Amino acid sequence: MTPVLRVPLLVLSFLCFAAFALQSQPARAADPDRLEAFLEVTGFDVALESIRLSADSAPQMLGLSADDFGSEWSRLVREVFKTELMHDMALDILSKTLSDDLLDHAAGFYASDLGQRLVVAENASHMVDEDGLKSESGSSIIDGLVRIGSPRVQLLTRLNEASDVEDSSIRAIQEVQIRFLMAAAGAGVIELRMDEPDLREAMRSQEGEMRRSIKANALANAAYTYQAFSDQEVADYADALADPRMQKVYALMNAVQYEIQANRFEEVATRLSAMQPSQDL
């Protein structure tokens with residue numbers, strides 16, 4: 001029988017890409033073939049694959065670690081975070097929400113020379129395990145830029161502001177964790193000390209500290225990801241992201257990624273009820 005775990009007040013450190021509420025359904029959505037091409041040219045297919053890298057944060061929300069479940073955890077992650085499954089989920093949502101005109105605008109930018117180079121850099125960054133390499137390297141870059149008074153820090157900040165990193169990440173963190181914890185409680189894996197409204201209020205009370213942490217991490221990640229690009233290219237990218245059409249596309253793509261991540265974490269919570277924390281011998 002799975003032991004009941006009491007959940008402490010969480011220090012919210014789980015970062016993901018972002019989330020807005022899904023936009024209203026457009027009059028005419030894109031067809032499947034064009035959506036497949038869109039996922040590839042924008043690099044969104046790789047971003048979906050990177051969701052599985054966040055899986056090890058799930059046990060941490062319960063006061064455990066992935067190692068507590070031994071080899072069973074690796075098996076669970078492989079089954080729940082299947083790339084093909086998440087890909088199909090993304091196609092299903094986007095086929096109902098992404099219009100042809102928005103698809104054309106975003107695909108046109110990312111199909112350009114600069115866009116494709118950005119996709120390569122972002123794909124590589126997405127697949128870096130969160131072992132400190134990206135944040136530490138990025139922080140070192142930022143420190144160096146500040147010492148020499150480089151304007152690049154402001155350009156990277158403008159880039160992050162154009163993609164709404166802070167606000168969307170906060171919403172994503174809160175919603176993914178709440179949905180995961182409520183699913184875990186419903187499956188009998190944990191016993192929550194507070195109901196959902198109180199849990200939300202507790203998380204809101206930590207937003208100030210969370211916002212500062214997200215802003216610093218986002219800046220470091222941007223410095224790491226775009227280090228091979230010139231100041232002008234970073235400025236051009238920020239301008240492209242600030243376009244109202246791209247804002248809508250980003251909001252939708254972020255919402256899709258958030259929904260898939262939250263959905264998969266809920267599935268993890270359900271399956272944990274049949275797993276015992278263990279040690280490999």
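Residues numbered from 1 in each chain as written. Predicted model: local features only at pLDDT ≥ 70, side-chain atom pairs only at ≥ 80, totals over all residues. Heavy atoms only, no water.

Participant: Summarise the overall build of the chain; cite the residues concerned and give the values.
Facilitator: Helix and strand counts for the chain stand at 14 helices and two strands. Considering only contacts within the chain whose residues lie at least 6 apart along the sequence, 89% involve residues at least 24 apart. Looking at the chain as shown, the accessible area adds up to about 13,700 Å², and 51% of this sits on carbon and sulfur atoms. (Helix = DSSP H or I, 4+ residues; strand = E, 2+ residues; numbered from the N terminus. Contact = heavy atoms within 4.5 Å. Areas by Shrake-Rupley, 256 points an atom, 1.4 Å probe, with all protein chains shown as cover.)

Participant: Residue-level account of helix α1 (residues 32–42), with values.
Facilitator: Within α1, burial applies to Leu35, Phe38, Leu39, Val41 and Thr42. In this fold, the buried residues of α1 make contact with α2 (44–49), α5 (83–97), α6 (100–110), α7 (113–126) and α14 (244–272). (Buried < 20%, exposed > 50% of the residue type's maximum accessible area, 1.4 Å probe, protein only.)

Participant: Explain the nonpolar core residue by residue, including any values.
Facilitator: If you look at the biggest cluster of nonpolar residues, it comprises 80 residues, and the most contacted ones within it are Trp73, Phe180 and Leu272. Considering each element in turn, this core owes the most residues, 13 residues, to α14. Contact partners of phenylalanine 180, with chain neighbours within four places excluded, come to Ala58, Met61, Leu62, Phe265, Val268, Ala269 and Leu272. (Core = buried A, V, L, I, M, F, W, Y, C linked by side-chain atoms within 4.5 Å.)

Participant: For the side chain of glutamine 174, give the residues involved together with the corresponding values.
Facilitator: Its location among the elements puts glutamine 174 in helix α10 (residues 165–186). For glutamine 174, a relative accessible area of 11% translates into the label buried.

Participant: Can you break down the pattern of salt bridges residue by residue, with the values?
Facilitator: Within the structure shown, the criterion is met by 16 salt bridges. The salt bridge involving glutamate 79 is made with arginine 75; its shortest N-O contact spans 3.2 Å. In this pair, glutamate 79 and arginine 75 are both assigned in helix α4 (residues 71–80), four residues apart and thus about one turn of the helix distant. With a shortest N-O distance of 2.9 Å, glutamate 267 and arginine 271 are connected by a salt bridge. Linking glutamate 267 with arginine 271, this pair stays in helix α14, spanning four residues, or about one helical turn. What you see here is one network of salt bridges that share partners, running through Glu72, Arg75, Glu79, Glu267 and Arg271. (Salt bridge = Lys/Arg side-chain N within 4 Å of Asp/Glu carboxyl O.)

Participant: Break down the side chain of asparagine 123 for me, with residues and values.
Facilitator: Secondary-structure assignment places asparagine 123 in helix α7. For asparagine 123, a relative accessible area of 18% corresponds to the buried category.

Participant: Go over a negative patch on the surface with me, naming the residues and quoting the values.
Facilitator: Residues Asp31, Asp33, Glu36, Glu40, Glu84 and Asp88 make up a contiguous surface patch of negative charge. Counting residues per element, the ones that place at least two in the negative patch are α1 and α5. In terms of residue count, the dominant contributor to the negative patch is α1 (three residues). One can find aspartate 88 in helix α5. The partly exposed category is assigned to aspartate 88, whose relative accessible area is 48%. (Patch = residues over 30% accessible without salt bridge, like charges linked within 9 Å, V, L, I, M, F, W, Y side chains within 5 Å. Lys, Arg positive; Asp, Glu negative; His and termini not counted. Charge placed at Lys NZ, Arg CZ, Asp CG, Glu CD.)

Participant: Break down the environment of alanine 262 for me, citing the residues and quoting the values.
Facilitator: Checked against the element boundaries, alanine 262 lands in helix α14. Taking relative accessible area as the criterion, alanine 262 reaches 0% and is therefore assigned buried. In this structure, the C-alpha to C-alpha distance between alanine 262 and glutamate 175, residues 87 residues apart in sequence, is 7.5 Å. Residues within four places of alanine 262 in sequence aside, it is in contact with Val176 and Arg179.

Participant: Which residues make up the packing of α1 against α6, and what are the values?
Facilitator: Remark: α1 packs on α6, axes separated minimally by 9 Å, with the N-to-C direction vectors making an angle of 35°. Read as a crossing pair, α1 and α6 show a hand that is left-handed. Residues Arg34, Leu35, Phe38, Val41 and Thr42 of α1 touch α6, and the partners they reach there are Asp100, Leu103, Asp104, Ala106, Ala107 and Tyr110. (Axes fitted to C-alpha atoms, helices over the stretch in contact; angles between N-to-C directions. Left-handed = near helix turned anticlockwise from the far one by under 90°.)

Participant: Tell me about α4, residues and numbers included.
Facilitator: Among the residues of α4, Trp73, Leu76, Val77 and Val80 are the ones counted as buried. Relative to the axis of α4, the buried residues are bounded by an arc of 100° and lie together on one face. If you follow the buried residues of α4, they end up packed against α3 (57–61), α5 and α14. (Arc of directions from axis to C-beta.)

Participant: How would you summarise the confidence of the model for the chain if you had to cite specific residues and measurements?
Facilitator: As a general rule, the predicted coordinates of low-pLDDT regions are not to be interpreted in detail. Of all residues in the chain, 85% have pLDDT values of 70 or greater, and the mean over the chain is 82. By mean pLDDT, the top-scoring element of the chain is helix α13 (residues 231–242) (96), and the lowest-scoring one is strand β1 (residues 5–6) (30). Of the regions scoring below 50 in pLDDT, residues 1–27 engages in 87 contacts with residues more than four places distant in sequence or in other chains. (pLDDT = per-residue confidence, 0-100.)

Participant: Tell me about the environment of glutamate 36, and name the residues and values.
Facilitator: Here glutamate 36 shows up in helix α1. Sequence spacing of glutamate 36 and leucine 91 is 55 residues, and the spatial spacing of their C-alpha atoms is 7.6 Å. Each residue touching glutamate 36, except ones within four places of it in the same chain, is listed here: His87 and Leu91.

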